[in-house]
Amino acid sequence: MTNIEPILQVWDTGLFELKIALEGTPREDLWRRPHTNLLSIGEIAGHIAYGLVSHVFCQSNAVQASDLPVQSVLLDEQIRYFTVNIKKEFVADLNVESIIDDLESVFSACRDVAASHAMEDSVESHWETWGALANYQAFHIAYHTGQIYSVRHMFGHETEDN
């Protein structure tokens, strides 16, 4: 059995970087879209959370948020995927600190579940194994964290990595 922990450490790094990307975002820009065809910072953070929870707990991206064992305002079906989300803006009454708190809860719950599996354990989805699912989520977290930086730069924010 191959240990999944090294990939979960990448998740930890991803969460660390995601929090840095979010910190200092002015509340008025958190839910504002930089363009009609781009998501807001809050929507992107919610998409990261929804994707992680739905795949870890349900091995699917088509799950009702109310069915998830982890609860957060960010886990709304509307922000599960870009093509659904782009049609209608999602706005929550959350500030950056609340989003980070929710992300930490989501990551912790998902990490606990994933840590109980080996890389080659099968999963009932197109990922086929927990290793493939965990690898993709590491990429997914990093990719969308980069999008958050891009949106912040479009707004003219000064970020740690500016």
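Report on the accompanying structure. Small disclaimer: the values here were computed from a predicted structure and weren't measured. (Residues numbered from 1 in each chain as written. Predicted model: local features only at pLDDT ≥ 70, side-chain atom pairs only at ≥ 80, totals over all residues. Heavy atoms only, no water.)

## Overview of the environment of Ile148
Mapped onto the fold, Ile148 is located in helix α6 (residues 130-154). Classification of Ile148 as buried rests on a relative accessible area of 0%. Along the primary structure Ile148 and Val84 are separated by 64 residues, whereas in three dimensions their C-alpha atoms are 19 Å apart. In this structure, Ile148 is in contact with Leu18, Ala21, Leu22, Ile41, Ile44, Ala45 and Ile48, ignoring residues within four places of it in sequence. (Helix = DSSP H or I, 4+ residues; strand = E, 2+ residues; numbered from the N terminus. Buried < 20%, exposed > 50% of the residue type's maximum accessible area, 1.4 Å probe, protein only. Contact = heavy atoms within 4.5 Å.)

## Digging into unusual backbone geometry
The phi torsion at Glu128 lies on the positive side, around 75 degrees, for a residue other than glycine. Position of Glu128 relative to the elements: it lies in the loop between α5 (96-115) and α6.

## So, helix α1 (residues 5-22)
With 18 residues, α1 should cover 26 Å at 1.5 Å per step; its first-to-last C-alpha distance of 26 Å lies within 8% of that length. Tucked into the core, α1 has its buried residues touching α3 (41-58), α5 and α6. Where α1 terminates, the next one or two residues include Gly24, which has phi positive at roughly 85 degrees. (Expected span 1.5 Å × (residues − 1).)

## Some words on the pattern of salt bridges
The final tally for this structure, using the stated rule, is seven salt bridges. Between Glu104 and Lys19 there is a salt bridge; the shortest N-O distance is 2.7 Å. Of the two residues, Glu104 sits in helix α5 while Lys19 sits in helix α1, which places them 85 residues apart along the sequence. Of the residues examined, Glu104 reaches a relative accessible area of 31% and is grouped as partly exposed. (Salt bridge = Lys/Arg side-chain N within 4 Å of Asp/Glu carboxyl O.)

## Quick look at the packing of α1 against α6
Taken N-terminus to C-terminus, the directions of α1 and α6 make an angle of 15 degrees; their axes are 9 Å apart at the nearest point. By the angle between their axes, α1 is roughly parallel relative to α6. Here the hand of the crossing between α1 and α6 comes out left-handed. Between α1 and α6, the residues in contact are Ile7, Val10, Trp11, Gly14, Leu15, Glu17, Leu18, Ile20, Ala21 and Leu22 and Gly131, Ala134, Asn135, Gln137, Ala138, Ile141, Thr145, Ile148, Tyr149 and Arg152, respectively. Within the contact of α1 with α6, the residues separate by chemical class into 13 nonpolar, five polar and two charged. (Axes fitted to C-alpha atoms, helices over the stretch in contact; angles between N-to-C directions. Parallel < 35°, antiparallel > 145°, perpendicular 65-115°, else oblique. Left-handed = near helix turned anticlockwise from the far one by under 90°. Nonpolar A, V, L, I, M, F, W, Y, C, P; charged D, E, K, R; others polar.)

## As for the nonpolar core
Counting residues in each nonpolar core, the largest one holds 49 residues, and the members touching the most others are Trp11, Leu22, Ile99 and Leu103. Of all the secondary-structure elements, those providing two or more residues to this core are α1, α3, α5 and α6. The contacts of Leu22, once residues within four sequence positions are left out, are Ile41, Val96, Ile99, Ile100, Leu103, Ile148 and Arg152. (Core = buried A, V, L, I, M, F, W, Y, C linked by side-chain atoms within 4.5 Å.)

## Some points on the packing of aromatic side chains
Taken as a whole and assessed by the stated rule, the structure comprises four aromatic pairs. Here Tyr136 and Phe139 contribute two aromatic rings whose centre-to-centre distance is 5.5 Å and whose plane-to-plane angle is 55 degrees, an arrangement assigned as tilted. Within this pair, Tyr136 and its partner Phe139 are both found in helix α6, separated by three residues, close to a single helical turn. Residue Phe139 is classed as partly exposed on the basis of its relative accessible area of 45%. Plain terms: the ring middles of Phe139 and Tyr143 are 5.7 Å apart, the flat faces sit at 35 degrees to each other, and that makes the pair tilted. Placement of the pair is Phe139 and Tyr143 together in helix α6, with a separation of four residues, close to one helical turn. Members of the aromatic cluster, joined through ring pairs, are Trp127, Tyr136, Phe139 and Tyr143. Between Arg32 and the ring centre of Phe155, over which it is positioned, the NZ or CZ distance is 3.9 Å. (Phe/Tyr/Trp six-rings, centres within 6.5 Å; stacked < 30°, edge-to-face > 60°. Lys NZ or Arg CZ within 6 Å of the ring centre and 35° of its normal.)

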